[in-house]
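Coordinates in review
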Amino acid sequence: MSHSFAPPGTADRALMYAELLAQARALLDGEKDVTAAMANLGSAIQQTFHWHWVGFYRVVGAELVVGPFQGPVACSPIGRGKGVCGTAWAEGRTVTVPDVDAFPGHIACSAGSRSEIVLPLRGRSGEVAALLDVDSSSFNDFGPVDEHGLAGLCALIEPMLP
């Protein structure tokens, strides 16, 4: 099965997210395995936006463990409250960082990362069960459109989480 995830000839991120959401719904329709869903969704996001790193972290006990991702090698495990991912987990909220070098305690997994957005995914228990982490090689690359668009994509995975 072949999919093209980037709408041809557009730089409008809101439109790109709308198109990607529709395609991701079809891609994940009937998927029961959360790892497979994370892998395909992460790949679809990467193919659409070509960011430096796109991937998931799973909450495993008292730490975050890297899950499916696209990009350079990842840091794992990450403690609660550590770095951008650990902060998003501890606070249960989306964290958008325009300049990772200015974020206190940033964990530098790749020198190519300049900005970052991390969204918590809640499972059926209501607790944060995973995170979507996206790094860009450009400063200040994420804003409200990304927060909204990525949250819509994360909502496709959340029903599969414990």
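Note: the structure precedes this text.
Figured I'd write up the structure that's included with this text. Since the model is a prediction, treat every value here as computed from it, not as a measurement.

**Concerning the nonpolar core**
One finds I45, L132, L150 and L153 to be the most contacted residues of the largest nonpolar core, which totals 31 residues. Only helix 1 (13-28), helix 2 (34-49), strand 1 (53-60), strand 5 (115-122), strand 6 (128-136) and helix 4 (144-154) provide two or more residues apiece to this core. Broken down by element, this core gets its largest block of residues, 7 residues, from helix 1. Not counting residues within four places of it along the chain, the set of residues in contact with L132 comprises I45, V54, G55, F56, I117, V118, L119, L121, L150 and C154. Ranked by size, the runner-up nonpolar core spans 15 residues in total, among them V84, V95, F103 and L131.

**Observations concerning empty space enclosed by the protein**
This structure, assessed with the given rule, holds 1 cavity of 30 Å³ or more. Counted as a void, the largest cavity has a volume near 180 Å³. For the largest cavity, the lining is made up of 20 residues, of which I107, C109, E116, D133 and D135 are closest to its centre. Elements supplying a minimum of two residues to the lining of the largest cavity: strand 1, helix 3 (83-91) and strand 6.

**Observations concerning helix 4**
Those residues of helix 4 not exposed but buried are D146, G149, L150, L153 and C154. The buried residues of helix 4 occupy an angular sector of 140° when the element is viewed end-on, so they sit on one face. Relative to its buried face, helix 4 has exposed residues pointing more than 90 degrees away, namely P144 and H148. Its buried side turned inward, helix 4 meets helix 1, helix 2, strand 5 and strand 6.

**Side note on the environment of V54**
Mapping V54 onto the fold places it in strand 1. For the pair V54 and R114, spaced 60 residues apart in sequence, the C-alpha separation works out to 14 Å. Residue contacts for V54: discarding those within four places in its chain leaves G42, I45, Q46, F69, Q70, L132, D133 and V134.

**Structural notes on the sheet that holds strand 2 (residues 63-70)**
As summarised here, the arrangement of the 6 strands in space is 3-2-1-6-5-4, forming an open sheet in which the pairing is antiparallel. Lying at the two open borders of the sheet, with one neighbouring strand each, are strand 3 (78-79) and strand 4 (95-97). The strands touched by helix 3 within the sheet are strand 1, strand 2, strand 3, strand 4, strand 5 and strand 6, with strand 5 carrying the most contacts at an inclination of about 35°. Together, strand 4, strand 5 and strand 6 form the strand contacts of helix 4, whose direction differs from that of strand 5 by roughly 35°.

**Some words on the state of the cysteines**
Under the definition given, this model contains 0 disulfides. Looking at the unpaired C154, the closest cysteine sulfur is the one in C85, lying at 12 Å. By relative accessible area, C154 is classed as buried at 3%.

**Brief notes about the side chain of D135**
On the secondary structure map, D135 appears in strand 6. The buried charged residue D135 lacks any salt bridge partner; its closest oppositely charged side chain belongs to R114, at an N-O distance of 9.4 Å. A distance of 2.9 Å separates a polar atom in the side chain of D135 from a polar atom in the side chain of S113. Ignoring sequence-local partners within four residues, the contact set of D135 consists of W51, H52, W53, S113, S115, E116 and F142.

Cut-offs and rules
- Residues numbered from 1 in each chain as written.
- Predicted model: local features only at pLDDT ≥ 70, side-chain atom pairs only at ≥ 80, totals over all residues.
- Heavy atoms only, no water.
- Core = buried A, V, L, I, M, F, W, Y, C linked by side-chain atoms within 4.5 Å.
- Buried < 20%, exposed > 50% of the residue type's maximum accessible area, 1.4 Å probe, protein only.
- Helix = DSSP H or I, 4+ residues; strand = E, 2+ residues; numbered from the N terminus.
- Contact = heavy atoms within 4.5 Å.
- 1 Å grid on protein atoms, 1.4 Å probe; cavity = no way out; pocket = protein on both sides within 12 Å on 5 of 7 lines; lining within 4 Å.
- Points joined across faces, edges and corners; volume = space filled by probe spheres on them.
- Arc of directions from axis to C-beta.
- Pairing = 2+ DSSP bridges.
- Axes fitted to C-alpha atoms, helices over the stretch in contact; angles between N-to-C directions.
- Disulfide = S-S within 2.5 Å.
- Lys, Arg positive; Asp, Glu negative; His and termini not counted.
- Salt bridge = Lys/Arg side-chain N within 4 Å of Asp/Glu carboxyl O.
- Polar contact = N/O pair within 3.5 Å; in protein donor to acceptor, adjacent residues only side chain to side chain.

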